[in-house]
Amino acid sequence: MTDQDIRERMRAERACTPPGFDARQDALLKRLTAKAPERRAMPLKRPAVLALAFSLLLACGAAGASGYMGLARFWRDVKPEAEELIQEKVAQTGGEMSGASFAVREAVFDGKTVEALIEVRGKGGFMPLDENGEELEALLSETDWAQSQEAKNTLAVGCDVSDVDGVTLSSGTSESMREEDGTLLVYVSDVLERTVEAEQAQITMTCWTYPASNPREIQRAELTFALSVVEREKVACDMSADMEGWLTVTRVETSYTPLSMEAEITYMPGERLKQAMPVFYADDVDRNHFWSELGGQIQNEDGSYTLELICPTARSLPDLLTLRVEGIDSRLNIDFAAGTATVEAEQ
């Protein structure tokens, strides 16, 4: 059974829950049932719960707690011009549940990666907390808090991209921050299984809430909105670059936007590599390597392999790109403008 078969089977068997929900709930149930350390139990009043939640959130994000917060607040490796692509005042449908509402503050989509900032506001006296956040973990660690009425009025919340024009999610990350007025901001960065080729795309997110004291009492709602798709630039270079006898790179094709970069790397394994799968990553202009995610790998008829690399966009594009392989000292410098590639030894 291939990795793709396994992913399809997993999605089919848990189609009624949001992506990753079961794992998150197992972790939460483990925390709920864990024996707390011996201490004198003190009843928590609602103001104390709110104060604790707010103090934890503000401590984690004090630098961003005042003033307007947008997507750029959460970005680290995107190119500066990415901010110009952010879409605001996005028309949406859905996102309403009995205890909380979800709304899109800002979003952007480049055909491969969805970046969205979601506002979550409590309703009916409920307090929304990020289900994976430190503030909820701290409250659950309090003796008997999970069985209190306050826990029943505290909602664990989450959201994820579930579909973009029929394409499903491959992987994603999220984090959160609290504004001074109590609004919870959830930042979502989700990578799709394949690139969407369109001028506009329909985004469907799954949002969910449940009482912190009982994760099985879940409510779900869809949040849908349309985004213009950021146009991707493409460059490619054919070569024969020997990486110290481990492998020979024969072609690199890159598709990128200011938000993210995909690189299809074709290589012929050498005797030293044999059947092992190399781990590629890209360097930026300062030669600080980016975090990267490896997509699928296919074997070609001539015995070579083509794999996909997904990472933040190198600032040196569209002219230059530097690739490295984990465990190999040399780096591969590709000059797309000149159509040349050179292997440079580590200095």
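Residues numbered from 1 in each chain as written. Predicted model: local features only at pLDDT ≥ 70, side-chain atom pairs only at ≥ 80, totals over all residues. Heavy atoms only, no water.

**Considering the sheet that holds strand β19 (residues 340-344)**
What counts, and what does not: Think of it this way: DSSP has to see at least two bridges between two strands before they count as a pair. Every helix listed is a DSSP run of H or I at least four residues long, and every strand listed is a run of E at least two residues long, numbered separately from the N terminus. Helix axes are fitted to C-alpha atoms over the stretch in contact, other axes to C-alpha atoms as well, and angles between N-to-C directions run from 0 to 180 degrees.
What the 4 strands build is an open sheet, ordered β14-β17-β18-β19; its pairing is antiparallel. Pairing within the sheet leaves two strands with one partner each, and these edge strands are β14 (280-283) and β19. When strand polarity is set aside, the average angle formed by the axes of neighbouring strands in this sheet is 25°. Sheet topology places strand β17 (residues 320-325) next to strand β18 (residues 331-335); 5 bridges connect them, and they run antiparallel. Residue Thr 322 lies in a different strand from β18, and its bridge partner there is Asn 333.

**What to know about the side chain of Asp 110**
Rules: A 1.4 Å probe rolled over the protein chains alone gives each residue an accessible area, and that area as a share of the maximum for its type sets the label: buried under 20%, exposed over 50%, partly exposed in between. Here a polar contact is taken to be a pair of N or O atoms separated by no more than 3.5 Å, where protein atoms must pair a possible hydrogen donor with a possible acceptor and residues adjacent in sequence count only if both atoms sit in side chains. We call two residues in contact whenever any of their non-hydrogen atoms come within 4.5 Å of each other.
Here Asp 110 is to be found in the loop between β3 (100-109) and β4 (113-122). The buried category is assigned to Asp 110, whose relative accessible area is 0%. For Asp 110, the side chain forms a polar contact with the main-chain nitrogen of Thr 113, separated by 2.8 Å. Engagement of the side chain of Asp 110 in a polar contact is seen with the side chain of Ser 260, the distance being 2.6 Å. If sequence neighbours within four positions are ignored, Asp 110 has contacts with Val 229, Val 230, Arg 232, Thr 257, Leu 259 and Ser 260.

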